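So the chains spell out like this:
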Amino acid sequence: GDKQWRIEKRNKDDGKLVKIWTNKERGELYGCIVDGGKLYAVGWNIEGWAVLLLDLDLNHGKIAWVERGWATSVTSDGEYLYIAGGKYYILPEDSWGRIEKRSLGDLSQEGSPYSGDLCIAWGVRINPVTGHLWVVGTEKEGDKDVWSVEVLNRGLKRLMVLKPGIEGSALGVVFDNEGSAYVYGTGGIVKYNKEGKEMARATGFKARGAACVEDKLY
């Protein structure tokens with residue numbers, strides 16, 4: 001009855017299953033990307049926060065771990081991986097955000113991880129216009145969970161913090177061709193320009209995913 005890692009390779013035209021990779025240890029995977037002909041997936045298992053490297057035929061390559069935690073999202077600038085998630089000391093409810101920078105080749109960690117004010121980071125993406133990392137997640141405000149957005153440079157130095165005042169968790173962010181950011185999560189969607197100024201919002205619903213295509217947001 002335990003959850004375990006599972007990765008499927010499917011034909012993108014008809015969805016036909018090509019290959020499955022799985023493991024026997026309990027855990028979950030939350031995000032993946034393909035870069036340089038390799039697949040990188042992030043999540044957790046009994047060892048803790050996990051980063052996996054596989055080839056595109058789903059042959060297992062390498063795993064990097066951090067004790068106690070969950071890796072939830074991953075992106076890349078073509079040279080490094082940027083991984084978001086959370087880490088905890090004893091109990092999962094006492095967690096704090098963690099952003100890592102790791103090399104694409106051997107998954108080695110570059111510099112010190114970043115925490116900031118987040119209790120967990122749910123999403124990380126690179127703004128294609130500014131090159132900055134946008135990290136979205138949850139911050140504690142008294143006994144409530146509220147959205148928090150932190151913008152970092154690629155050296156993991158904080159440039160700005162955005163607090164839209166929405167209860168729940170910001171789960172992800174996507175960008176349009178002008179560098180405007182659309183942060184979504186439990187509570188709705190907020191649009192920011194590339195300088196971090198709020199431009200619009202739609203609230204009162206849960207958004208689990210989003211994509212920008214030309215002038216449309218899906």
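Residues numbered from 1 in each chain as written. Predicted model: local features only at pLDDT ≥ 70, side-chain atom pairs only at ≥ 80, totals over all residues. Heavy atoms only, no water.

1. Quick word on the overall build of the protein chain
If you tally the helices and strands in the protein chain, you get 0 helices and 17 strands. By the compact-globule yardstick of 17 Å for 218 residues, the protein chain fits well, its C-alpha radius of gyration being 17 Å. A buried classification covers 48% of the 218 residues belonging to the protein chain. Contacts in the protein chain between residues at least 24 apart in sequence constitute 36% of all its contacts with a sequence separation of at least 6. Between the centroid of the 30 positive side chains of the protein chain and the centroid of its 31 negative side chains there is a distance of 2 Å. (Helix = DSSP H or I, 4+ residues; strand = E, 2+ residues; numbered from the N terminus. Rg over C-alpha atoms; globule rule 2.2 N^0.38 Å. Buried < 20%, exposed > 50% of the residue type's maximum accessible area, 1.4 Å probe, protein only. Contact = heavy atoms within 4.5 Å. Lys, Arg positive; Asp, Glu negative; His and termini not counted. Charge placed at Lys NZ, Arg CZ, Asp CG, Glu CD.)

2. Regarding the packing of aromatic side chains
Evaluation of the coordinates by the stated rule reveals 4 aromatic pairs. On the basis of an interplanar angle of 50 degrees and a centroid distance of 6.1 Å, the ring pair of W134 and Y192 is categorised as tilted. With a gap of 58 residues between them, W134 in strand β10 (residues 133-141) and Y192 in strand β14 (residues 181-192) connect regions that are remote in the sequence. Residue W134 shares its accessibility class with Y192, and that shared class is buried. Taken together, the ring pairs in this structure connect W134, F175 and Y192 into an aromatic cluster. The ring of W49 carries R98 above its face, with NZ or CZ at 5.7 Å from the centroid. (Phe/Tyr/Trp six-rings, centres within 6.5 Å; stacked < 30°, edge-to-face > 60°. Lys NZ or Arg CZ within 6 Å of the ring centre and 35° of its normal.)

3. So, the pairing of strand β2 (residues 17-35)
By the bridge criterion, 6 bridges tie strand β1 (residues 4-10) to β2 in an arrangement that is antiparallel. The residue of β2 that forms the bridge with I7 is W21. Taken together, β1 and the strand that follows it, β2, pair antiparallel across an intervening segment of 6 residues, in which G15 is found at a positive phi of about 80 degrees. Two strands pair when backbone bridges link them, and β2 and strand β3 (residues 38-45) are joined in this way by 8 bridges, in the antiparallel orientation. (Pairing = 2+ DSSP bridges.)

4. Re unusual backbone geometry
At L107, a residue that is not glycine, the phi angle is positive and equals roughly 65 degrees. You can see L107 is positioned in the loop between β8 (95-103) and β9 (120-126). Non-glycine residue E214 carries a positive phi angle of around 55 degrees. Assignment of secondary structure puts E214 in the loop between β16 (212-213) and β17 (216-217). Here E214 falls in the exposed class, since its relative accessible area comes to 70%.

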